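Here is what each chain is made of, one letter per residue.
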Amino acid sequence: MQSSNARQLSGKTALVTGSTSGIGLGIARALAGQGANIVFNGFGDAQQIEKLYTDTGSEFGVQTAYHNADMSKPDEIAAMMDYAASKFGGVDILVNNAGIQHVAAVEDFPPERWDAIIAINLSSAFHTTRLALPGMKQKNWGRIINLASVHGLVGSAQKSAYVAAKHGLVGFTKVTALETAQTGITCNAICPGWVLTPLVQKQVDDRAAREGLDNDAARKALLAEKQPSGEFVTPDELGALAVFFCSPAADQVRGVAWNMDGGWAAQ
Ligand code: NAD
């Protein structure tokens with residue numbers, strides 16, 4: 001472990017929604033590696049979550065905490081932001097990452113799944129951002145990182161709610177960046193291609209069952225269809241991009257939707 005003074009985010013607090021798994025966890029660990037205190041959020045087994053945040057704290061020598069707010073519920077989001085303020089004096093780095101997926105054609109798409117995806121993948125970022133901005137403005141420093149997707153840039157059949165939410169999140173990123181353009185607060189979106197997390201493994205499993213493939217063949221087929229590199233993006237790589245957005249070198253990176261997608265959107 002580096003001494004805490006050498007780390008660029010020492011003394012900052014990062015709140016990462018949906019950080020009990022996958023990309024959010026990778027980003028939380030990368031920010032902790034740079035010395036940031038972390039407020040974790042997300043679902044899962046209570047004991048495993050407690051172990052996750054205490055282990056992350058001791059591994060990186062930072063303070064960690066956890067709030068179980070459901071990102072589809074504005075009052076729970078407000079309680080989480082209050083908790084972060086009381087625990088660490090506010091949120092300096094906000095990573096809006098929590099997200100869910102549902103795959104179905106428009107005419108078969110369950111309306112309650114549409115509402116849940118819009119609430120969790122899009123509206124939650126509005127609520128956390130509106131509540132984080134006053135504290136960031138007081139300090140004249142802040143970083144807001146929205147986990148959109150390559151589906152914030154292009155569409156795919158069967159993913160209407162997800163694509164709509166992610167395009168919306170890219171739009172919200174631009175507006176937030178413009179409203180903060182003359183401050184020390186930046187807002188940017190990260191747009192990953194396929195990352196092998198539980199959210200994507202479910203799509204691999206569905207494909208394996210549908211096409212009679214084994215797990216490896218289903219993963220390869222998924223990649224071959226969309227991602228020219230044929231390789232998954234990793235949570236560690238996305239964590240490194242989030243660390244860059246938090247660095248002084250990124251002070252003038254504002255309102256971008258930065259894809260890390262193995263070439264998906266270049267096609
Ligand atoms: P994941 O399923 O591994 O993790 C999702 C996290 O969100 C978990 O911690 C889960 O508990 C949490 N979560 C879900 N619903 C929640 C709710 N209502 N309230 C609070 N937390 C909730 O998924 P992931 O692949 O790591 O996805 C993270 C983000 O990255 C999502 O926004 C997703 O859309 C986006 N993304 C993923 C991929 C990919 O290929 N995996 C690609 C592009 C974008």
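Calculation criteria
Residues numbered from 1 in each chain as written. Predicted model: local features only at pLDDT ≥ 70, side-chain atom pairs only at ≥ 80, totals over all residues. Heavy atoms only, no water. Axes fitted to C-alpha atoms, helices over the stretch in contact; angles between N-to-C directions. Helix = DSSP H or I, 4+ residues; strand = E, 2+ residues; numbered from the N terminus. Parallel < 35°, antiparallel > 145°, perpendicular 65-115°, else oblique. Contact = heavy atoms within 4.5 Å. Nonpolar A, V, L, I, M, F, W, Y, C, P; charged D, E, K, R; others polar. Core = buried A, V, L, I, M, F, W, Y, C linked by side-chain atoms within 4.5 Å. Buried < 20%, exposed > 50% of the residue type's maximum accessible area, 1.4 Å probe, protein only. Pairing = 2+ DSSP bridges.

So what exactly am I meant to see when it comes to the packing of helix α6 (residues 198-211) against helix α7 (residues 215-226) here?
Helix-helix packing: each pair is described by the crossing angle between the helix axes and the interaxial distance. With their axes 9 Å apart at the nearest point, α6 and α7 run at an angle of 110° to one another. The angle between the axes of α6 and α7 places the two elements in the roughly perpendicular class. Residues Val200, Gln201, Val204, Asp205, Arg207 and Ala208 of α6 touch α7, and the partners they reach there are Asn215, Ala218, Arg219, Ala221, Leu222 and Glu225. A breakdown of the residues in the contact of α6 with α7 according to their chemical character gives 6 nonpolar, 2 polar and 4 charged.

How should the nonpolar core be read in this particular structure?
Membership of the largest hydrophobic core comes to 32 residues, with the highest contact counts inside it found for Leu31, Ile38, Ile93, Val95, Ile145 and Ile190. Those elements giving two or more residues to this core turn out to be β1 (13-16), α1 (22-33), β2 (37-41), α2 (46-60), β4 (93-96), β5 (142-147) and α8 (235-246). Dropping the residues within four chain positions of it, valine 95 is found in contact with Leu15, Val16, Thr17, Ile27, Leu31, Ile145 and Leu147. Counting residues in hydrophobic clusters, the runner-up holds 21 residues, among them Ala69, Ala84, Val91 and Leu94.

Quick question: what am I supposed to make of the sheet that holds β1 here?
Within a sheet, neighbouring strands are paired by backbone hydrogen bonds and run either parallel or antiparallel to one another. Strand order in the open sheet formed by 7 strands is β3-β2-β1-β4-β5-β6-β7, with parallel pairing between adjacent strands. The sheet is open, and its two edges are formed by β3 (64-67) and β7 (257-260), each paired on a single side. Across the sheet, the axes of successive neighbouring strands diverge by a mean angle of 20°, strand direction being ignored. For strand β6 (residues 185-192) and β7, the ladder comprises 4 bridges, and the chain directions are parallel. Its bridge partner being in β7, proline 192 is matched across the sheet by methionine 260. With respect to the sheet, helix α3 (residues 74-88) is in contact with β1, β2 and β3, its orientation differing from that of β3 by roughly 160°. Contacts from helix α4 (residues 111-139) reach β4, β5 and β6, with the element oriented near 175° to β4.

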